[in-house]
Amino acid sequence: MEYVGEHLWIGKLGNIFVILSFVLALLASVSYFFASRDNDAAASWKRIARISFRAHGLAVFGIVATLFFMLMNHYFEYEYVWHHSNKEMPMRYILSCFWEGQEGSFLLWTFWHVLIGLILQRSAKNFEAPVMTVISLVQAFLASMLLGIFIFEYRIGSNPFTVLLREHPDFANIPLFKSENYLEKLDGRGLNPLLQNYWMTIHPPTLFLGFALTVVPFAYAIAGLWKKQFNEWLKPALPWTFFAVAVLGIGILMGGAWAYEALSFGGFWAWDPVENASLVPWLTLVGAAHLMLINRNEGQSLFTTFFLSILTFILILYSTFLTRSGILGESSVHAFTDLGMSGQLLLYLLFFFAMGMVLLIINWRKIPKLKEEESIWSREFWMFVGAIVLLVSSFQIIFYTSMPVWNKLFNLNKAPLKDVVTFYNNWQLPFAFIVTLLIAVGQFFKYKHTDPKQFIKKMLLSLVVSFVFTGLFIYLLNFNKGYYAILMFSSIFATVANFDYIIRVLNGKLGKAGASLAHIGFGLIMLGVLISTGKKETISHNTSGKSVESLGEDFSNNDNIVLTQGDTLPMGNYYATYIGRRSEGINVYFDVDYFTKDAQGQFQKEFSLAPLIQMNPRMGNSSEPDTRHYATFDLYSYVTYVDLETINEKKEATADEYVPAKNYDIKQGDTIFSSNAIIIFDSLSTNLNQENMQLSEEDIAVKAHLRALDVKGQTYAATPVYMIKNNSVQPVAAKVDELGLQFMFWKINPETGKVQISVQEKKSNIKDFIVMQAIIFPYINILWIGCIVMAIGTLLSIWERIKKNKRSSN
């Protein structure tokens, strides 16, 4: 059959670009390798290498342009376009479609490497050939991830230009595809609801730029070991390393902002495995960057600098393996599904791990070492300690994040952690204390040696001010946990001491204060995290009288409130009224008004929030929070449960129609709730009139005594019967007409003492309701201010390094 309207030419063009990209990256790597040799042919090889890499870049740009063209024109005959977009999706999310899938995110990573490589061709100078050998080889591996070819029945990569009816034969059996005009009726699967957010148009490219930048210190470190230039590589690598620290850090913080604004995590950081996998390389990269500063000034801790620079890129590859091999399973909401590339990803990881470790082992005796021990009163000593603390911290995170890997490798059966946030917080708190303390005192040390008396004199003012502020914060915020108070002090100390350093040592010259500003930002981040999470308050205690615990083990009356339309219930310092729902496109908004009482006891409306449910029948609905921002706190709210079907059915209901039954397994004393009553299971009895029920001696009948209390406190009785008659279960229903309720008694479990009761409610008397969580995050703006200050400080520091390099090269 010849299908009408397919655009097969664009896919063929894309495949040509994919093949060219791989071949040219491989050629550039080989050419740069030979250009690295000091012989007469080196110049010729360098010309070939440069041309090859630039042509590779053009091929990558061609792949990007082709894929964007297909997405924007809805070419659903291609699996990638069909899988990640549809016609209903707003065009502003086309970027999110591009990198939602594995192929698109690998392509984004490759794209950034191309831009980095083109800059390095102009700026790396004597290091161009060895550094670009490594980067071109990385590009070859990344390009192979898009090949989608088979070698001896093993697939290499996953191609974004595969056609639904050619490379995916399962689709051919669907009736729609038996028509030659199938494209007229075909729509895409659509973008994941979680990604239909403006943060997802800027967070992934920033994060992947951060990932891509880690290749630069890695490549310079490899080049330094390879060419035996153990110190020379540090100067050109240093600005790149701090730029990577800034961009990757900003990318991670953007992810936190996205989670806070768009996900129902109940916060900004959940220690999710994918979050951890991006945080760990950043920690080791920060350690490497600071050790580079030591070596630039004093030539110390060189081996550790090499190790951390190499380890950071290896951890990036390891995080790629974790998130894309499918090994995380359901332990992360961010992880990609396995596309059959786990073996290729593992080879990618092991190849560069072996490259780095072999060069380190071969050269470790040749790497210059200290002739004398560092003084404990020197800056380099404490910067080295800080780098080691960051390394140990990252090891703890990655070890427990890798539990699915250990389970598979050693045939273990370790269950996932129940309270992940508390577990990691307790582990990381001591590391955070040490790091913030070192940030506070570090810059007041001099290189080589510092006079202890002068050091104490300089630190005394900051120390006293920090103690005063800490005491004030503890009193005002009522902090009653000692270890929180310790971290609060060190965070305030880090902020105050670096501010003091800018004023008294740098004389207020902000152009030279990049490092101090970055440290102030980090101190504010830690302070904001500590206060906003340590003193967060869930105000949505259930005061409705209707228990939510029957909805599942994830629902507690301590933090989930039932809001029935029109009712006003107390919530913290507010009163909340659920106004109703409204639909806009694929979003269903739930309008909730918040009130306070004035001195006369009259309600005054303060604000409204509208948390939403994004409807997606194919992928599942997604809850998105809404937040009211104030200078001193945020009120964060999201819907945890809503019955979307029942209210829709009510509109067309007749007076006697019931909603579908809901089954509850309960024991004596348990409660369940309907929209207008609380139902209590009191007891069982066998005291029945056998004649009226026409029971024989072999038959069994048990009555359940239920008590229903309406919102006015009036009680109604219901006694459904569980009956086995003529060897079959024949339950007898019980109705409470005043409440529009019907009960059926279906099962008895003698082992657990539980019975199964089903509840049906008349459609005509159901009120719309939602179950919602609302959380107060105090002083969370300290966190966001810290993020901005740290980013500005890091960028200023990079600019200062670049200017110093230019001055020293002139």
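Owing to the predicted nature of the structure, the values given are computational and were not obtained by experimental measurement. Chains are numbered independently. Their residues run from 1 in the order of the written sequence. The model is predicted, so local features are restricted to residues of pLDDT at least 70 and side-chain atom pairs to those at 80 or more, both for listing and for counting; the totals for chains, interfaces and linings are taken over all residues. In computing side-chain values, all of the structure's heavy atoms are included and hydrogens and water are not.

**Student:** Would you mind showing me how to read the overall build of the protein chain here?
**Tutor:** Counting from the N terminus, the helices are the DSSP runs of H or I reaching at least four residues and the strands are the DSSP runs of E reaching at least two. Looking only at helices and strands, one finds 21 helices and 23 strands in the protein chain. Seen along its three principal axes, the alpha-carbon backbone of the protein chain occupies a region of about 110 × 80 × 50 Å. Categorising residues by exposure relies on relative accessible area from a 1.4 Å probe, with only protein chains included: less than 20% of the type maximum marks a residue as buried, more than 50% marks it as exposed, and the intermediate range marks it as partly exposed. Within the span of the protein chain, comprising 810 residues, buried residues form 54% of the whole. For the protein chain, long-range pairs separated by at least 24 residues make up 69% of all intrachain contacts whose partners lie at least 6 apart in sequence. Working convention for charge: Lys and Arg count positive, Asp and Glu count negative, and His plus the chain ends are omitted. By convention, charge coordinates are those of NZ in Lys, CZ in Arg, CG in Asp, or CD in Glu. In the protein chain, which carries 65 positive and 64 negative side-chain charges, the distance between the mean positions of the two groups comes to 15 Å. What makes two residues a contact is simply this: any of their non-hydrogen atoms within 4.5 Å.

**Student:** Looking at this structure, I do not really get the sheet that holds strand E21 (residues 741–749). What am I missing?
**Tutor:** Through backbone hydrogen bonds, the strands of a sheet pair up, either in parallel or in antiparallel fashion. One open sheet holds the four strands; their spatial order is E13-E22-E21-E20, and the pairing between them is antiparallel. What marks the edges here is a single partner per strand, and that holds for strand E13 (662–666) and strand E20 (734–736). Each neighbouring strand pair of the sheet contributes to a mean axis angle of 30°, computed without reference to strand direction. Summarising the sheet, E13 and strand E22 (residues 754–761) pair through five bridges and their orientation is antiparallel. Opposite Tyr-664, over in E22, you have Ile-757 as the bridge partner. Two strands pair under a simple rule: DSSP has to find at least two bridges between them. Between the N-to-C directions of two axes lies an angle of 0 to 180 degrees, each axis being a line fitted to C-alpha atoms and, for a helix, fitted only over the stretch in contact.

**Student:** So what exactly am I meant to see when it comes to the packing of aromatic side chains here?
**Tutor:** Two numbers describe a pair of aromatic rings. These are the distance of the centres and the angle of the planes. Centre distance within 6.5 Å is the pairing criterion for rings of Phe, Tyr and Trp, where only the six-membered ring of Trp is used; planes under 30 degrees apart are then read as stacked, over 60 as edge-to-face, and the remainder as tilted. Throughout the structure, instances matching the rule amount to 59 aromatic pairs. Ring plane angle 25° and centroid distance 4.9 Å describe the contact between Phe-34 and Trp-45, whose orientation is recorded as stacked. Taken together, the residues span a long stretch of sequence, with Phe-34 in helix H1 (residues 8–35) and Trp-45 in helix H2 (residues 42–72) at a distance of eleven residues. Here Trp-45 falls in the partly exposed class, since its relative accessible area comes to 28%. Three or more aromatic residues joined by ring pairs make a cluster, and in this case those are Trp-269, Trp-271, Phe-395, Phe-399, Tyr-400, Trp-406, Phe-423, Tyr-424 and Trp-427. Two conditions define a charge located above a ring, namely a distance within 6 Å from the ring centre to NZ of Lys or CZ of Arg, and an angle within 35 degrees of the ring normal. Its end group placed over the ring of Trp-226, Lys-227 keeps NZ or CZ at 5.7 Å from the ring centre. In this structure, Lys-535 is placed above the aromatic ring of Phe-479, and the distance from its NZ or CZ to the ring centre is 5.7 Å.

**Student:** Can you help me understand the pattern of salt bridges in this one?
**Tutor:** Should the charged atoms of two oppositely charged side chains come close, the side chains can pair. Throughout this description, the term salt bridge denotes a Lys or Arg side-chain nitrogen within 4 Å of a carboxyl oxygen of Asp or Glu. For the structure on display, the rule yields nine salt bridges. Here Glu-584 makes a salt bridge to Arg-582, at a shortest N to O gap of 2.8 Å. Two residues, Lys-803 and Glu-800, come together in a salt bridge whose shortest N-O distance is 3.9 Å. Note that Lys-803 and Glu-800 are positioned in helix H21 (residues 781–809) at a spacing of three residues, about one turn of the helix. The class of Lys-803 is partly exposed, set by a relative accessible area of 32%. One salt-bridge network, held together by shared partners, links Arg-582, Glu-584 and Asp-591.

**Student:** Just checking my understanding: could you explain the nonpolar core for this structure?
**Tutor:** Within soluble globular proteins, side chains that are nonpolar generally end up buried alongside one another. Think of a nonpolar core as a cluster: buried Ala, Val, Leu, Ile, Met, Phe, Trp, Tyr and Cys residues, connected wherever their side-chain atoms sit within 4.5 Å. Leu-120, Tyr-220, Trp-282 and Phe-352 are the most contacted members of the largest nonpolar core, which has 191 residues in total. The leading source of residues in this core is helix H10 (residues 234–262), at 17 residues. In terms of nonpolar packing, the next biggest core, distinct from the first, is built from 24 residues, Leu-609, Leu-635, Val-642 and Ile-770 among them.

**Student:** Explain the environment of Lys-703 here, please?
**Tutor:** Tracing the backbone through its elements, the reader meets Lys-703 in strand E16 (residues 700–710). Residue classification places Lys-703 among the buried residues on the basis of a relative accessible area of 19%. Lys-703 sits 94 residues away from Leu-609 along the chain, and the two C-alpha atoms are 46 Å apart. Look past the residues within four positions of Lys-703 in its chain and what remains in contact with it is Ser-683, Leu-684, Ser-685, Asn-687, Leu-688, Thr-719, Pro-720, Val-721 and Phe-745.

**Student:** I keep staring at the packing of H2 against helix H6 (residues 128–144) and nothing clicks. Help me out?
**Tutor:** Helix packing for two helices is described by the angle between their axes and how far apart those axes are. With their axes 12 Å apart at the nearest point, H2 and H6 run at an angle of 35° to one another. Between H2 and H6 lies a crossing whose hand is left-handed. Packed against H2, whose contacting residues are Lys-46, Arg-50, Phe-53 and His-56, the element H6 presents Glu-128, Met-132, Ser-136 and Gln-139 at the interface. Only Asp, Glu, Lys and Arg are considered charged in this grouping, and only Ala, Val, Leu, Ile, Met, Phe, Trp, Tyr, Cys and Pro are considered nonpolar; every other residue, Gly among them, is considered polar. Looking at the contact of H2 with H6 residue by residue, the classes come out as two nonpolar, three polar and three charged. Each crossing is labelled by how the near helix is turned from the far one, with a counterclockwise turn of less than a right angle marking it left-handed and a clockwise turn marking it right-handed.

**Student:** Explain the side chain of Asp-699 to me, please; I cannot follow it from the model alone.
**Tutor:** Examined against the element boundaries, Asp-699 turns out to sit in the loop between strand E15 (677–685) and E16. We call two N or O atoms a polar contact when they sit within 3.5 Å, provided that within protein one can donate a hydrogen and the other can accept it, with sequence-adjacent residues counted only if both atoms are side-chain atoms. Here Asn-726 takes part through its backbone nitrogen, which lies 3.3 Å from a polar atom of the side chain of Asp-699. Not counting residues within four places of it along the chain, the set of residues in contact with Asp-699 comprises Gln-694, Ile-724, Lys-725 and Asn-726.

**Student:** Which parts of the structure should I look at to understand the pairing of strand E18 (residues 721–725)?
**Tutor:** Here is the key point about a regular strand: its side chains alternate between the two faces of the sheet. With respect to burial, E18 is a largely interior element, four of its five residues being buried. Of the pairings in the sheet, the one linking E16 to E18 comprises four bridges and is antiparallel in character. The residue bridging Ala-701 from the neighbouring strand is Met-723, located in E18. As paired strands, E18 and strand E19 (residues 728–729) are joined by two bridges and run antiparallel to one another. Bridge assignment links Lys-725 to a residue of E19, and that residue is Ser-728. Hairpin connection of E18 to E19: two residues between the antiparallel strands, including Asn-726 at a positive phi of 55°.

**Student:** Teacher, can you tell me more about helix H8 (residues 199–213) here?
**Tutor:** Working note: α-helix, 3.6 residues per turn, so residues spaced by three or four point in the same direction. A helix's residues, less one, multiplied by 1.5 Å, set its expected span. With 15 residues, H8 ought to run about 21 Å at 1.5 Å a step, and its terminal C-alpha atoms sit 21 Å apart, in line with that. For H8, the buried fraction is high: 14 of the 15 residues fall into the buried class.

**Student:** Looking at this model, I keep getting lost on the packing of H6 against helix H9 (residues 215–226). Mind explaining?
**Tutor:** Taken N-terminus to C-terminus, the directions of H6 and H9 make an angle of 130°; their axes are 8 Å apart at the nearest point. Between H6 and H9, the angle falls in the class oblique. Regarding H6 and H9, the two cross each other, and that crossing is right-handed. In this structure, H6 uses Pro-130, Val-131, Thr-133, Val-134, Ile-135 and Val-138 to contact H9, whose residues at the interface are Val-215, Phe-218, Ala-219, Tyr-220, Ile-222, Ala-223 and Trp-226. In the contact of H6 with H9, the residues fall into twelve nonpolar, one polar and no charged. Should an angle fall under 35 degrees it is taken as roughly parallel, and over 145 as roughly antiparallel, whereas 65 to 115 is taken as roughly perpendicular and any remaining angle as oblique.

It is worth stressing that arrangement in space is one thing and function is another; only the former is reported here.
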